[in-house]
Amino acid sequence: MHELSLLEGVLSIIEDNADTQGYTSVKKVCLEIGALSCVEPEALRFGFDIVMKNSVADGAILDIVTMPGQAICQQCGCETKVFELHTPCPDCQSFSLDIQSGLEMRVRDLIVN
């Protein structure tokens, strides 16, 4: 389950920001996850409290926002939202989509004290 290592990276970001910005606790963490990122939101929810234990984010609420992928068809130039890899173009049915976004995961917001 690579979600635990992703959460450890999130914790590192939170703690680095706590040091530089001077906050002592985090009440809420909002993550933005691309629909094509292969990250399982339920696995993140399951591991969140475990990874955040005894940190500035201990007891924080996790909010996950899933963002659709964006792609451009190499065949016809159609721009479309995609929610799964290997999705055909809605206009020409080609599978030659160039993924523009939707593979990323980022810390979108923190509510801190």
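No experiment lies behind these values; they were computed from the predicted model shown. (Residues numbered from 1 in each chain as written. Predicted model: local features only at pLDDT ≥ 70, side-chain atom pairs only at ≥ 80, totals over all residues. Heavy atoms only, no water.)

**Some words on the side chain of Ser-94**
Move 1: With respect to the helices and strands, the residue Ser-94 is situated in the loop between strand S4 (79–82) and strand S5 (97–101).
Move 2: Within the structure, Ser-94 has its side chain in polar contact with the backbone nitrogen of Ser-96 (distance 3.0 Å).
Move 3: Each residue touching Ser-94, except ones within four places of it in the same chain, is listed here: Cys-73, Gln-75, Thr-87, Pro-88 and Cys-89. (Helix = DSSP H or I, 4+ residues; strand = E, 2+ residues; numbered from the N terminus. Polar contact = N/O pair within 3.5 Å; in protein donor to acceptor, adjacent residues only side chain to side chain. Contact = heavy atoms within 4.5 Å.)

**A short note on the UniProt feature "binding site: Ni(2+)" (unreviewed entry) in the protein**
Move 1: UniProt marks His-2 with the feature "binding site: Ni(2+)" (unreviewed entry), using the numbering shown here.
Move 2: Here His-2 is in contact with Cys-38 and Val-39, once residues within four sequence places are set aside. (UniProt positions renumbered as here; feature names shortened; annotations may be inferred.)

**Examining the UniProt feature "binding site: Zn(2+)" (unreviewed entry) in the protein**
Move 1: Following the UniProt record, one finds the feature "binding site: Zn(2+)" (unreviewed entry) at Cys-73, Cys-76, Cys-89 and Cys-92. What stands out for the annotated residues spanning 20 residues is how close their C-alpha atoms remain, the widest pair being 8.7 Å apart.
Move 2: With respect to the element layout, Cys-73 can be found in strand S3 (residues 69–73).
Move 3: On the basis of relative accessibility, which here comes to 2%, the residue Cys-73 falls in the buried class. (Buried < 20%, exposed > 50% of the residue type's maximum accessible area, 1.4 Å probe, protein only.)

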